[in-house]
Amino acid sequence: MKSIKRHCRQESETADLAKALGGVLAHFFADAHLPEQHVNIALEGNLGAGKTAFTRYLIQGMGYAGRVKSPTYSLCESYPIVCSKQIAQAFHFDLYRMRTPLEWQEAGLAEHFDAPGMCLIEWPEKAAGTLPQLDLQIAITTGEQETERQFELKALSDLGLRLLTQLQRDLP
C-alpha cells in the first residue's frame, strides 16, 4: 500500500501537514454522494510524540473552530464538523489507559465506528484485534530537536489509498 513520509522540523510544519489532511477529509465528507462514509485513522507514537497535537490540527483543518482537547481521561471526544452541507462527526479516542482489548469492548465506544464520520484512535494497539478495518495509519517519531517529527502516513485500505493520493497532490 501507498505511504507518505514527511520530516517536520517545526510545529508549524506539523500543523500544515495535519491541516492538509484535514482539508482532504473535509472535501471527502462534503461529497453529497458519500453521506454515510466513515474513515478510521490510527495514530501511533511514543508518549509525547504529538498524536493529540496532530489530531487537533487535523480537526481544525476540517473546519472545526472550537477547542480540540485531549481525550486521555474521557477516552473519547466528539466534534461535529460541517463539510459543505454534510456533517461529519469526528470521534477522537485515546486508549492509553486501557489495559486489555476486552476493556475497550466493555467501554461501549465501538458504536462510534458504525456512525458516519471519522474515528481517530491514539494507541490502537491497546484494542488489538477488536477494532474495525483501519484506513490510515499515522506513525509519529520524535526527532533530536523538541519540535522535530517524522511522519509516515500509510494507506491500509482502498479508501486510505484514495485519501493519501489526494493528500500527495495537495502537499507542496
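Predicted model only: the values in this text are computed from it and were never measured.

The next thing to look at is the pattern of salt bridges. Summed over the entire model, instances satisfying the criterion amount to one salt bridge. Between Glu103 and Arg99 there is a salt bridge, with its nearest N and O atoms 3.9 Å apart. Note on Glu103: relative accessible area 24%, which makes it partly exposed. On the basis of relative accessible area, Arg99 is assigned to the exposed category, the value being 70%.

Across the sheet, seven strands lie side by side as E1-E7-E6-E2-E5-E4-E3; this open sheet has mixed pairing. The open sheet has two free edges, formed respectively by strand E1 (3-8) and strand E3 (76-83), since each of these has just one partner strand. The mean inter-strand angle of the sheet, taken between neighbouring strand axes irrespective of direction, is 15 degrees. Strand direction decides the pairing type here: strand E4 (residues 86-94) and strand E5 (residues 117-122), joined by six bridges, are parallel. Its bridge partner being in E5, Ala90 is matched across the sheet by Met118.

Let's shift gears to the packing of aromatic side chains. Counted by the stated rule, this structure contains five aromatic pairs. Plain terms: the ring middles of Phe28 and Phe29 are 5.1 Å apart, the flat faces sit at 70 degrees to each other, and that makes the pair edge-to-face. For Phe28, a relative accessible area of 8% translates into the label buried. Residue classification places Phe29 among the buried positions, given a relative accessible area of 4%. Ring geometry for Phe93 versus Phe113: centroids 5.4 Å apart, planes at 10 degrees, classification stacked. Linking Phe93 in strand E4 with Phe113 in the loop between helix H3 (101-106) and E5, this pair joins segments that are 20 residues apart in sequence. In this structure Phe113 comes out as buried when scored by relative accessible area, which is 8%.

Turning our eyes to something else, we now look at the nonpolar core. Of all hydrophobic cores here, the largest spans 40 residues; its most connected members are Leu25, Phe54, Leu58 and Met118. For this core, the element with the highest residue contribution is helix H1 (residues 11-30), accounting for 10 residues. Listed in part, the 16 residues of the second largest apolar core include Cys76, Phe93, Trp123 and Ala127.

Cut-offs used in this document
Residues numbered from 1 in each chain as written. Predicted model: local features only at pLDDT ≥ 70, side-chain atom pairs only at ≥ 80, totals over all residues. Heavy atoms only, no water. Salt bridge = Lys/Arg side-chain N within 4 Å of Asp/Glu carboxyl O. Buried < 20%, exposed > 50% of the residue type's maximum accessible area, 1.4 Å probe, protein only. Pairing = 2+ DSSP bridges. Helix = DSSP H or I, 4+ residues; strand = E, 2+ residues; numbered from the N terminus. Axes fitted to C-alpha atoms, helices over the stretch in contact; angles between N-to-C directions. Phe/Tyr/Trp six-rings, centres within 6.5 Å; stacked < 30°, edge-to-face > 60°. Core = buried A, V, L, I, M, F, W, Y, C linked by side-chain atoms within 4.5 Å.

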